[in-house]
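The chain contents come next:
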Amino acid sequence: MNENKVLHSVAALFDTPDKIINAARKVKDAGYTMFDVNTSYPVHGMDKAMGLGQSKIGYVTLFFGFAGAVFIFLFMGWSMAINYPYIVGGKPFFPYQAFIPITFEVTVLCGSIATVVGMLAVFFNLPFLSHPIHDSNYIKEVSVDKFGVVIEAEDPLFDKNKVVEFLKNLGAGKIEFIYEPEKQAIKILQPKFIVFLAVVAALTSFSTYFTLNKLMYIVPFNWMDNQKKSNPQSETNFFYDGYAMRTPVEGTVARGFMPYPFHEQALPSEPLANPTLPTKQILKIGQEKFLTFCSPCHGNYAEGVSRLMGQFPPGPTLHSAKIIGYSDGMIYNIITNGQNAMPSYAYQIPREQRWAIIDYIRVLQRAQNPKPSDFQAIKELNKESGKNVVN
Amino acid sequence: MSSTEIGYIRKELPEKIKTIGLTLFVVGTALGIIGFLIDPQRASLSYLVTFMFLVSIGVGSLFLVALEYAVGADWSTPFRRISEFLAAVIPFLIILVIPLLFNLKYIFPWTHKSIVDSSVMLRGKTPYLNIPFFIIRSIGIFLIWWVFYYFIIRNSRKQDTTKDQYLTKKNINISSGFIPVFGISITAIAFDWMMSLEPNWFSTIFGVYYFSGTVWCALAALTLIVILLNEHGYLHSKIKSEHYYTLGLLMFAFTVFWAYIAFSQYLLIWYADLPDETIWFMHRWVGGWKVVSLAIVFTHFIFPFFYLLSYNVKMQAKKLKFIAIWILCAHFLDLYWLVMPGMSTNGYQYSFSWMDLVFPVAAVGLIILIFKSLSHKYNLLPIGDPKLQRGLDFHL
């Protein structure tokens, strides 16, 4: 029955650590290279007896530990100082001191996981999970109180009978033949195994969540969370109307704030003067705000043709002689108070931005009625930048 | 010369060593006395640094001995005697502390009534920080250490002739008693002699900080002496690179342990950012101290860490000797850094002094003398210890 199976190795059992050390040394001295020793606990001096060199696994640990450290340190630096600069606890944007504990933990984590996975990969030949000596009597014995040595069939010096003879001479107790399994399936990819992992993951997450957040939940330091005060937008029975938030008393004026003198007056007696200069920066803001707030009705270029055409009383063109003739303060008045069908924008657009919009409207108007000097200026600009915008 | 069945051949250390030790000790002590006569204030602080260094060597070595007994380690049994010889500094501490006790007013701000009266915190601390209690504490602790030293070492030496295994058992019990006592007493010593230099400041981890340095330093001294002796054949032919490797491993472990503790202390203070606590680091971040602080990070952690990380380095006697000397210096620098900047609290201005180099010379001389005279009387290996054979046969 065993005849058609492929021999993987010959295994022999020994009784004491001294015997196994001796056996390992003899096996090595006999010139075998593909052999291994199994003991139920680490036996000092085994590496030397087996003639093993220094393990390379340390380099895996070193590399991954170091990589983990560098990665997490830079990642924290990037997220706290570059991506979302945020001051925590009055510390600088790059509080490297605070990163060190996490860097340390991640170094250890990456190093150790890489070590374990690296060892599994080498010993078990991942993704395979089993070794031919599993499921043998031999492994059961060496896991309890015996010490064993296996010589693999792939060894160049291997000769079944000679090896058996050799091991017997070393004083081996039991000798066992270990065969290759019929077919090695990749067990970790089997649906059963994956489902098993998923169930384990779900169970652990749930039980952890349940224990820590429900069963044993203790509110930590809640005296800052639950203060004896009402929070914004909450109810209260302290005030007759039930609102925790109060509106200021009628006629309240904020400190340093000058109310608009022509509130709800269509025709200001003395329109305000524009406090802004049409710098590039201001015009940029003006353009942005115009496109956001005004263009739906007045059109992208204030030409009176807009995307709301037909759904709303159309916003007239702002290129009419009337508007060109209006002072800045007059347009400001229209934006602030609204005019007939046009609503007031006093609450949506801060003051400076209203002025910026007006500056931008002036630019649009000028673009419709350019002066000869404007063409001259554009030509100068083109010469400088080497481009040709206006032919 | 005598030989035993384990193959230890006793050889006398050369007389030259005694001459070297004596020269260092006499020159150092003479210059030190001159220092005390010229400038007692500066001399007491210099002396304090060296004194703490001797405490590190002495009690750190006794801790290593006790640890070996308590955990039943056998790999270190072949050179336990070396640690025992180094621990012989302990009885001398009671004498060596005397110059300090006479100069307390130069060292500790809390000995001045005016300073204590000006601070609520110091007034609150007077029940603990007052001269009589301070002296009782220090002498008491040195005596307790001496008692433990006396019994552990006596049993160990007795075993050389009687080969009585029961003595090992006795020592295991004494050692298990010593370790907790050591933990508390070393904290008290660190608090008293170094933390109270800046008495308004406090850090509960300070004792652990000093402890980590002590053991680190004691290990380095052990490694250095073991390698030196073994290279010249005074120990045993079976002590080999695998023993050295394990010593290197422990030094590595304590390098990391020290960094862990030192950083824990720093991080909490940095986070909370309370003036009462940050002041201690501020004193060590002004002027040239900034360089010293950074040098400590490098010499006490970064360099030894990467150096000792490699397997090959730990297997080589020569490279370990180098790092052992490095560690001894780094620990001295650390103590210097702990003690000196505190001077300003006592109203003095720090400046480097030649005395800082004189006292360590005397200390090294003293250690050599103690070692030489003990090695003359006792075996360098605990030849009666039942664990010795296993220790010699140690494999990785």
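Note that residues are indexed from 1 along each chain, following the sequence as it is written. Written order determines the labels here, with chains lettered from A and ligands numbered from 1. Residues qualify for local features only when their pLDDT is at least 70, as the model is predicted, and side-chain atom pairs are given and counted only at 80 or more; totals for whole chains, interfaces and linings, by contrast, use all residues. Note: side-chain values were computed over all heavy atoms of the structure, leaving out hydrogens and water.

What follows concerns the overall build of chain B. Helical segments are the DSSP runs of H or I of at least four residues, strand segments are the runs of E of at least two, and each set is numbered from the N terminus. Within chain B, the regular secondary structure consists of 18 helices and 0 strands. Our radius of gyration is a C-alpha quantity, and the globule rule it is checked against amounts to 2.2 Å times the number of residues to the power 0.38. Here chain B has a C-alpha radius of gyration of 21 Å; the compact-globule value for 396 residues is 21 Å, and the two agree. Its C-alpha atoms give chain B principal-axis dimensions of roughly 70 × 40 × 40 Å. We call two residues in contact whenever any of their non-hydrogen atoms come within 4.5 Å of each other. In chain B, the share of contacts with a sequence separation of at least 24, taken over all contacts with a separation of at least 6, comes to 83%. What sets the accessible areas is the Shrake-Rupley method with a 1.4 Å probe; for residues, cover comes only from the shown protein chains. Accessible area for chain B stands at about 16300 Å²; split by element, carbon and sulfur atoms hold 72% of it. Asp and Glu count as negative and Lys and Arg as positive, but His and the ends of the chain are not part of the count. To locate a charge, take NZ of a lysine, CZ of an arginine, CG of an aspartate or CD of a glutamate. Each charge sign in chain B was given a centre, from 30 positive and 21 negative side chains, and these centres are 5 Å apart.

This part is about the packing of helix 11 (residues 206-231) of chain B against helix 16 (residues 317-339) of chain B. All names here are of chain B. Where helix 11 contacts helix 16, the two axes come as close as 9 Å, and the packing angle between them is 150 degrees. When the axis of helix 11 is compared with that of helix 16, the two are roughly antiparallel. In this structure, helix 11 meets helix 16 at a crossing whose hand is left-handed. By the convention adopted, Pro, Cys, Tyr, Trp, Phe, Met, Ile, Leu, Val and Ala count as nonpolar, Lys, Arg, Asp and Glu as charged, and the other residues, Gly among them, as polar. Looking at the contact of helix 11 with helix 16 residue by residue, the class counts come to 20 nonpolar, 4 polar and 3 charged. Structural elements are reduced to axes, namely lines fitted to C-alpha atoms, with helices fitted over the stretch in contact, and the angle between N-to-C directions of any two is expressed from 0 to 180 degrees. Oblique is the label for every angle not falling under 35 degrees (roughly parallel), over 145 degrees (roughly antiparallel), or within 65 to 115 degrees (roughly perpendicular). By convention the crossing between two helices is left-handed if the near helix lies anticlockwise of the far one by an angle smaller than a right angle, and right-handed if it lies clockwise.

Residue and element names in this part refer to chain B. Position of Glu198 among the secondary structure elements: in the loop between helix 10 (165-193) and helix 11. When a residue's accessible area, from a 1.4 Å probe over protein chains only, is under 20% of the maximum for its type it is buried; when over 50% it is exposed; and in between it is partly exposed. The exposure class assigned to Glu198 is buried, which follows from its relative accessible area of 4%. N or O atoms closer than or at 3.5 Å make up a polar contact, with two conditions inside protein: a donor-capable atom paired with an acceptor-capable one, and, for residues adjacent in sequence, both atoms drawn from side chains. At 3.0 Å, the side chain of Glu198 and the side chain of Arg284 are in polar contact. For Glu198, the contacting residues outside a window of four places in its chain are Trp280, His283, Arg284, Gly342 and Thr345.

Distances and angles like these do not, on their own, reveal function.
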